[in-house]
Each structure stands twice: as C-alpha cells, then as structure tokens.
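Each chain is listed here by its residues.
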Amino acid sequence: MTGGGILYGLIGRLSMHSLPFYDMTQDPTTTNLINGSIAGFAACAVVLGAIVVAGLLTYFRGWRPLWFDWLTSTDHKKIGIMYIVMAFVMLARALIEAGLMRAQKAWGLGGGFLTPDHFAQLFSTHGTIMIFFMAMPFLVGLINYVMPLQIGARDVSFPVMNSISLMLTAAGAMLVMVSLVFGEFSTGGWFGYPPYTEATFTPGVGPDYWIWALSLSGLGSTLTGINFAVTIYKERAPGMKLMRMPLFTWAALCTSILMIFAMPPLTVATAQLALDRYLGFHFFTNGFGGNMMHFVNLFWMFGHPEVYIIIIPAFGVYSEVVSTYSGKALYGYRSMVLAIMCIAILSFTVWLHHFFTMGQNASINAVFGIASMLIGIPTGVKIYNWLWTMFRGRVRVTTPMVYAIGFMVLFVLGGMSGILLANPSIDYQVHNTVFLVAHFHNVAIPGVLFGMLAGYHFWFPKAFGFRLNERWGIFSALCWNLGFMLAFFPLYALGIMGMPRRTVAYNQPAYVPLDMVAFAGALVIGVALAAIVIQLLVSIRHRDENRVPAGDPWDGRSLEWSISAPPPEYNFPCLPEVDDRDAFTAAKEYGVAYRAPKEYSDITVPKNSATGPLLGAFGFGSAFGLVWHIWWLTILGALLAVATVIARGYARDTEKTIPAHKVKQEYERWLRLVRATAPVTRAREASPVNQGLADQTALRESS
Amino acid sequence: MSRYENFDYPGLNLGGGHGETHDAAKTTVFGFWVFLMSDAIIFGLVFATYVASVHATAGGPGPKDLYDIKSVFIETMLLLWSSFTFGMASLALKYRHSTPRLIGWLLVTLALGLAFLGFETHDFLTMIAKGGSPERSGFTSAFFDLVPLHGLHVTAGCIWLLALLGQVARYGLDSRTKLGIMRLALFWHFLDIVWLAIFSVVYLAGLA
C-alpha cells in the first residue's frame, strides 16, 4: 500500500484543502480574501467557542454535573431545557448568516462581496438550521417540558428514548457546526434537489453533510413523535379526558402524529440520495432511468407536513398565552381542536404546491391549489377564536402577549400571501422570486419563532423559578416585530419587481433601496437577539427579587402551574384528579388548590442512562466518517451504536424510588411556603411582589 | 366476563395473570405498534418508488430476466413458517409452557429466518451476475432499495432475537424479556406481511 493509500484509509478525503481559509492563502485575490476571512472567522468562532466552553466547564468543575445532572438525564424537564439551549445556539448562528446574506443583497448590485458558492452555502445552512436545528429543537423542547406537566404525568412514556432523540438531534447539529471547520456545507438549499446534489454535479462533501445531518435529526424526530403520542394517549392523569386537555397538549398530539407519518418520506429521500451518491444507484440521476421528480415528491411529502409540525405547537402556545393573559377560558375550545386536526390532515394533501411549475397538467395543479386554499379556513377559525378570547377580557400586555398580538396581525398577512401563491397561475408569475421568501418568512417568523419565544417567556419562570425581565422582553419583542416588517415587507415588492431568490448578485439598480431597507430590518432583528441575551443576563443577576417559588406567576389555567417552580423531579407528589377543562383554574375557583393529599406513596422515576449520549456520539462519528469517506470510523461508529442498543437491553436496574416520606416532606414544606406567600393581583404581576401566588378574591367576588 | 377480558392492546395479550408485565405492555406494546406504523410508511414509499420505476430499465434487464420464482417461493414458505413458529413461541410465553419449549420455538424461528436470508442473498448475487446490479438502472436501483430493506429488517430481527435469547439465559423470563419477546413477535409478523406485499407486487406482478 502506498503512503497516500494509507493516509486515505486513515483520514479519507480530509486534507489541507478542507480548511476554510486554505484557498485564500493559495490564491489571495480580494474576493478570496474576504470570503476566506468570513469562513475562517466562522470556523475560529466554532473552535474558540468549544474551547471557551470546555475551559469554563473545567474552571467551574462543571464536567461531572454536566454528565450526571444533564447529559445522561432522562428527566423530560431537563431534556426539554437542553433542546431549547441547542435551539438558541443554532438560532444565533442562522441569524448571523441571514445578516450576511442581507448585507450581500444590499451591496449586491453588480457583484457584492460574497462568492456565489459562499452565498449558496449561507442560504443552505440558514434554511437547514432554522428548520431542523432551531424550530424543531425549540418546539420539541417546549413540548418536552410542558406537555407531561399539563396532562399530570410523571414523565414521558419512554424516557431513555427521549434522551436518544435529543442526542441524535444534537449529533446532527454538531455535524452542521463541524462543516464550518472541515470542508463546506451543501450549496443545494435546505431541500437539496437532485440532480444538482448528485455526485456528478456536486462531488464534494457538502451534500453529504446535509444528508447525514438530516438523517440523524430526522430519526430523532420520528422517535420523539412516537414518544409524545404514546405519552398523551397513555399517561394522562385520571379524569384528563381528551377534550379536557389544554390546547398546547392538543397541539403536541397533532405535531407528534405528523412527525410519525411525515418524517419517513424525508428518511427515504435522503437515504436514496445517499445510495445514489455513495453506491452509484439511479434514483434521481439524469440518465439510466433515474427520475428527480421522485425526490421532489418525497421531499415535499415530508416538507409540507413539516411546515405544520413547526407551526402547530406555536398555535398551542398562543392559545395558552392569549387565554391566560386575557384571564378568560379559551373561546371555542372544540372548534380549536377541530381546526388543528383539520390542518394536520390537510397538510398531507398539498405538497404539490411547492412545485406547481414542474410539469404537471393544469388539472392536478388546480386540485392541489384548492386544497392549499382550504387550509386558510381552519386557520382563520383559530385567529377568530384568539380574538374572541381577548374580547372583553382583561388583557395584560406582557412580553408573550406582544408576540401574540404581533403574530395575529402579521400572520394574517402572511397567510393572505399564501392564499395568493396557492393559485397556480399567480404562482407561475412569482415563483423563484423573493416574493416567496417574503411569504414563508412572514408565516415562519411571526408564526413559529414568535410562538416559540412567547412560550420561552411564558414557561421560563416555571422551569427556573424566576421571571424574566419584562422591560427587556418587551423591547426585544418590539424589535422582532419591527425588524421582521422592515426585513421582509420590501421583499414582497422586490418579488413582484422580479428579483430572483437564491441569486448572489443583480444588475437592476431599482432593487437597491428596498434591499437597503431589508438590511436595516436585519440589523433591528440583530438588536432583538442581543436584547434577548441581555434580558437573560439581567434576569439571572436579579433573580432573587423575581423568584416565584409558589409556582403560579401568571394566574395560570392548566396543571403545570399547580406545582412549585421549578417542579420536583417527580412533578406531582400524587397524581392530580381532573374533572374540568382548565383544571387548575377550576381548582382555584372551588378553593381546592394547594391541598395536601390524604396519603403519599413511593414514586419510581427512571434512572440516568448513558445510552442517549453514547448513541449520539457514535452516530456523529459514523456520519462524520461517511462524509469524509473514513470507512473505519463509519463501521466502528455503527458497530458501537448497535452494541450500545443491545447492551441497553441487558440493563435491569433502570428505576429509582423516591420514598413517600421524602415526597411528603418536600411537598408540605412547599405548601407551608405557599401559605406564607402573599397573593398578588394581576395589576402587580410584573413587580417583585409577585412570588407566584395568584389572588383569587376579585374572581370570587365577581362570581 | 367476555372473551375480550384483558384485551388491552392489539395483538396477543399476555393477560392479567402476568401482573405488572401485562400493565407495562399496555404502553410498551402500544408504542411499538406506533413505531410499526411509521416503519410501514417507509416501506410504502419504497414500494411506491419501485412501482414508479419498474419500467425504467434503461435498456438493461427487466423483471422477467432477473427473478427466479422457485427460489422466491421457497423464501416465502420459510418466512411464513417462521411466523407460525414465532406464534407458537408467543403462545408458550402466554400460557407459561416450559422455558426450554419457548427457547426451542425461538431457535427454530431463528433458523428459518437465517435460511431465508441465505436464499435471498443467493438471489441477489444471481441477479448481479445476470447484469442486474443496482447501478444498472432506475429499476434495479428501486429493486435493491426495496427487497434488501426488508432483508435488512429480517437481519435486525435475527440480531434482536439473539440478544433476547441472551437475556433469557441471564435473567430468565422477567418482565423486560417478556416485553422484548412480545415486541419482536410483532416485528416478525409485520415483516411477514411486508414480504407478502413484496411477493405479490414485485415478483408475481413482475413475472405475470
């Protein structure tokens, strides 16, 4: 074997060329210097970030707690928090990329500063990250934290599988981050259409990073969907009938069902593309009987339900937020549930509207166009229900409400442009222009992202025991709203003026002013993100004056507010009995909240398990080997992963028992604290006197 | 008391006599059914790819040139009998026949599964020798996506079965082993049903 052969066997395709600043050193033109510096800076940020985190962990002796309290934890609450931390990290990266792209467009008349290849990588990673590693982890994290508490459960049905899902998703996210340091990411967009992404046209590592990042996180999401659906069907507290579940839990159920049925097409599409690229199959190639339309169909059979996977949990958050901060039961609960279910079913019938222009006949386009417009009906029902919930309520304009109100206005606009695009003849005119970019950001940002951020502010005090700073919160929410409008409304006009999407530069001077406005919007969004970071730091510093140990800072309506903040590991000292919708509000009205149970019993909770982190690590290793053709690493990772799963089958000592007397002691200490806490009226909700006990006297007098 | 007593999830129920295992199965086995639904979607889509690609032979060999019905029929028989023997194992589990009997049925199932895989591998090699390798055309690609995917599932089932036999040897028939056997049983029967679809859609339709 030659020296080169041995080296290839060891490190595969990796070489000096894989480093992002290598080209710049070989061929130092101005363009190469700028692009190499940006890429090199990003790579350094990843490496330095990792070093700083490792250093801090070592300095604060954090490695043991990190492993024993967090990474190996099977507690749904901790897993939820880890998901959301990941979502915020990835949000920051994808937002920086968005800012770069807007800057390129603002100065893109006749060139700009980015190479086409670099620009293509930016929009591919931006889309991939925002969907798979920001929106998905955020919503899965929120559901993980909140849903078991809302249904009165001790945990999800399969806690270890929950940890596996998290770690597989994290492995996918790591792969996207590592692509900044070694090699490049795909230039084929977040949907990776072949034949462009086939080995013939893109032989590099980019599409391979994309394929394996999506495969890992897609597998994690499938398992998550199964886990959540089974939890909601099987783990509800006594009396928690389906039609008594909080709307957020209904949203979680719908999203889980969509995950179970919609992730498989993605798995099939990426697996077949991988077979094409690695083993010379002909699924989507130009010749030999391949057909790229198969990929397009498979991808959007996943891709369209995916849109609803990410928006429906946000609808759930808005339902909780609007009803809680209006001090009213949700208007039209039954129609809300029906509407969500209709949307879930219709979401499988519209995938073709993503490619109206790709050759079907007019009749097929018409069918899918009408199906797409139909989704507007249940969505409209939901908007009316939220409005009627606010109507004659005592609305408190808190941070989550700023997001919710912004959502109701902006989402309707985004939905309207969606109805326009659902008409194939209009779609023909504006497809592949930035009009479309404006449309889906108009539903994704005010819809999904605002919803996730509203949920973050709403449940943060439950998870950490103190409220977030309202002033910074509202400032950030307003910046998000303003920044979104500045950044994306001009794109509607630019789209109608014919500006193509995914194109690095243009030669039409009329685009410049509007692109400048959009860039200003991106800056405002940057301020919004900075404000959220500052808010977190300020809130942590002032945590002692904002503590809400009694656990109910917003006069909440569902069961998660009936326990301490943060909740104990086992959630409920004894499983609650439910006999109404808005179970906790009912308990407060009847004066039966905060009561000690007659007797306590031992509680079993799952023990920690290293299965999840190990599978994540082996999955990452195997995937990295696949990307770089380091076959020994691929095989080793796969074998170790299988061995880990088999070894887990032999585990028997998987649960620990918390004795009844300890539960009693903890719970009664908390009950004493609640009795010593002064109840607050809603008028003083945002002040330090709010320690998490809601004043019910006003309510009793009026009733 | 009706005959549906203790019928708490689809499939063979262990029954209340098995105490906490039966209760745990309500969640565990239900969860596995949900997983099978998701897996069924994967197979459905791969079937769809096959049906849409069956004529995309690109001048290469087609179904009639490549399939050997005799071998496929033997494979079908092996798999159907393995489903029967796994059924006997499940009954031995439910009615607490002796553990050696249960292990015996599982070993017969494993042998049939391995024999199936042997015949199938032979089929694949023959097809490749006849010029029907996966990189030949859209049709052969789709074939080698669908049928080996099923074979891969059977392989996973065999490994799982071995792992469970190890668990029985180490822990006897405790709750977790029982739950494992019940889920593997579902998986095994599911693969049988998928095979029937492959037999009909791929082989019978291809040779008709």
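See the structure shown above.
For every chain, the first residue of the written sequence is number 1, and numbering continues from 1 along that sequence. Numbering of ligands from 1 and lettering of chains from A proceed in the order in which they are written. Given that the model is predicted, a residue must reach a pLDDT of at least 70 before its local features are reported, and side-chain atom pairs must reach 80 or more before they are shown or counted; all residues, however, enter totals for whole chains, interfaces and linings. Note that water and hydrogens are dropped before the side-chain values are worked out from all heavy atoms of the structure.

**Student:** Lay out the overall build of chain A with the relevant residues and their values.
**Tutor:** Here a strand is any run of E in DSSP of at least two residues, a helix any run of H or I of at least four, and the numbering for each starts at the N terminus. From N to C terminus, chain A includes 23 helices and two strands. To get the radius of gyration, use the C-alpha atoms; to get the globule rule, take the number of residues to the power 0.38 and multiply by 2.2 Å. Against the compact-globule benchmark of 27 Å for 703 residues, chain A has a radius of gyration of 26 Å, which places it among compact chains. Of the contacts formed within chain A by residues at least 6 apart in sequence, a portion of 83% connects residues at least 24 apart. With the model as given, the accessible surface of chain A reaches about 27800 Å², and the carbon-plus-sulfur share is 68%. Note on contacts: a residue pair qualifies if any of its non-hydrogen atoms lie within 4.5 Å across the two residues. Method for areas: the Shrake-Rupley scheme with a 1.4 Å probe, in which residue coverage is limited to the protein chains shown.

**Student:** Now, about helix α8 (residues 206–234) of chain A: what can you tell me, with residues and values included?
**Tutor:** What a helix should span is 1.5 Å times the count of its residues minus one. Given a rise of 1.5 Å per residue, 29 residues ought to cover 42 Å, and the 42 Å separating the end C-alpha atoms of α8(A) matches this to within 8%. Of all the 29 residues making up α8(A), 25 are buried; the element is thus mostly covered by neighbouring parts of the structure. Per-residue accessibility, obtained with a 1.4 Å probe over protein chains only, is compared with the maximum for each type, and a residue is labelled buried under 20%, exposed over 50%, and partly exposed between these values.

**Student:** Explain the nonpolar core to me, and be specific about the residues and the numbers.
**Tutor:** A:F138, A:I312, A:W386, A:W480, B:F143 and B:Y203 are the most contacted members of the largest nonpolar core, which has 264 residues in total. Here the element with the most residues in this core is helix α10 (residues 292–326) of chain A; it accounts for 19 residues. In this structure A:W480 touches A:L95, A:Y403, A:L449, A:F450, A:L453, A:I525, A:A528 and A:I532, once residues within four positions along its chain are discounted. Formed by seven residues, the second largest nonpolar core is a distinct cluster that contains A:L114, A:F119, A:A120 and A:V504. In these notes, a set of buried Ala, Val, Leu, Ile, Met, Phe, Trp, Tyr and Cys residues joined through side-chain atoms within 4.5 Å is what counts as a nonpolar core.

**Student:** Any details on the side chain of B:T140? Residues and values, ideally.
**Tutor:** Relative to the assigned elements, B:T140 resides in helix α5 (residues 138–171). Residues contacting B:T140, with those up to four places away along its chain left out, are B:L66, B:G132, B:S133, B:P134 and B:E135.

**Student:** Residues and numbers for the interface of chain A and chain B, please.
**Tutor:** Contact with chain A, which involves 33 residues of that partner, is made by 36 residues of chain B. Across the chain A to chain B interface the summed buried area is about 2800 Å²; carbon plus sulfur atoms make up 68%. Of all residues in chain A, A:K234, A:Y650 and A:R652 bury the most surface against chain B, accounting for 23% of the area lost on that side. Any Lys or Arg side-chain nitrogen found within 4 Å of a carboxyl oxygen on Asp or Glu counts as a salt bridge. The interface formed by chain A and chain B contains one salt bridge. What gets called buried area is simply the loss in accessible area from a 1.4 Å probe that two parts show on being joined, summed for both.

**Student:** If you had to explain the packing of helix α9 (residues 247–279) of chain A against α10(A) to someone new, which residues and values would you point to?
**Tutor:** Residue and element names in this part refer to chain A. What counts as an axis is a line fitted to C-alpha atoms, over the stretch in contact for a helix, and the angles between N-to-C directions run from 0 to 180 degrees. Two numbers describe how α9 lies on α10: the axes approach to 8 Å, and their chain directions differ by 160°. One finds that α9 runs roughly antiparallel with respect to α10. Crossing hand, α9 versus α10: left-handed. Three classes are used, and their members are as follows: Ala, Val, Leu, Ile, Met, Phe, Trp, Tyr, Cys and Pro are nonpolar, Asp, Glu, Lys and Arg are charged, and the others, Gly among them, are polar. For the contact of α9 with α10, the per-class residue count stands at 24 nonpolar, four polar and two charged. Our angle categories are set so that under 35 degrees counts as roughly parallel, over 145 as roughly antiparallel, 65 to 115 as roughly perpendicular, and the remainder as oblique. Crossing handedness follows the turn of the near helix against the far one: under a right angle anticlockwise gives a left-handed crossing, and clockwise gives a right-handed one.

**Student:** Can you break down a nonpolar patch on the surface residue by residue, with the values?
**Tutor:** Residues and elements named next belong to chain A. Within the patch definition used here, like charges are joined within 9 Å and nonpolar side chains (Val, Leu, Ile, Met, Phe, Trp, Tyr) within 5 Å, considering only residues with over 30% relative accessible area and no salt bridge. On the surface, I6, L7, L10, I11, W632, L636 and L640 cluster together into a nonpolar patch covering about 620 Å² of accessible area. Counting residues per element, the ones that place at least two in the nonpolar patch are α1 (3–11) and α21 (631–649). Sorting elements by how many residues they give to the nonpolar patch places α1 first, with four residues. Topologically, L640 is positioned in helix α21.

**Student:** So what about the pattern of salt bridges? Which residues, and what values?
**Tutor:** Residue and element names in this part refer to chain A. Under the definition given, this model contains 16 salt bridges over all chains. In this structure, the salt-bridge partner of R93 is E97, at a minimum N-O distance of 3.0 Å. Pair noted here: R93 and E97 are both in helix α5 (residues 76–106), with a separation of four residues, about one helical turn. E97 gets classed as buried once you look at its relative accessible area, which sits at 7%. The salt bridge partner of R547 is D544, with a shortest N-O separation of 3.0 Å. Using a relative accessible area of 33% as the deciding quantity, one classes R547 as partly exposed. Within the structure, one salt-bridge network assembled from shared partners comprises R13, D208 and R277.

**Student:** So what's going on with helix α11 (residues 333–346) of chain A? Residues and values would help.
**Tutor:** An α-helical turn contains 3.6 residues, so any two residues separated by three or four positions project in the same direction. Residues and elements named next belong to chain A. Relative to the 20 Å expected for 14 residues at 1.5 Å per residue, α11 spans 20 Å between its end C-alpha atoms, a close match to the ideal helical length. Of all the residues in α11, the buried ones are Y333, M336, V337, A339, I340, I343, A344 and L346. In this fold, the buried residues of α11 make contact with α9, α10, α12 (362–374) and α13 (376–390).

**Student:** Describe the side chain of A:S73, listing the residues and the values that go with them.
**Tutor:** All names here are of chain A. Tracing the backbone through its elements, the reader meets S73 in the loop between α4 (63–71) and α5. S73 sits in the buried class, given a relative accessible area of 4%. Any pair of N or O atoms that falls within 3.5 Å is considered a polar contact. Within protein, one atom must be able to donate a hydrogen and the other to accept it, and sequence-neighbouring residues count only if both atoms are side-chain atoms. Among the polar contacts listed, one links the side chain of S73 to the backbone nitrogen of D75, at a separation of 3.1 Å. Aside from chain neighbours lying at most four places away, what touches S73 is K78, I79, S163 and N608.

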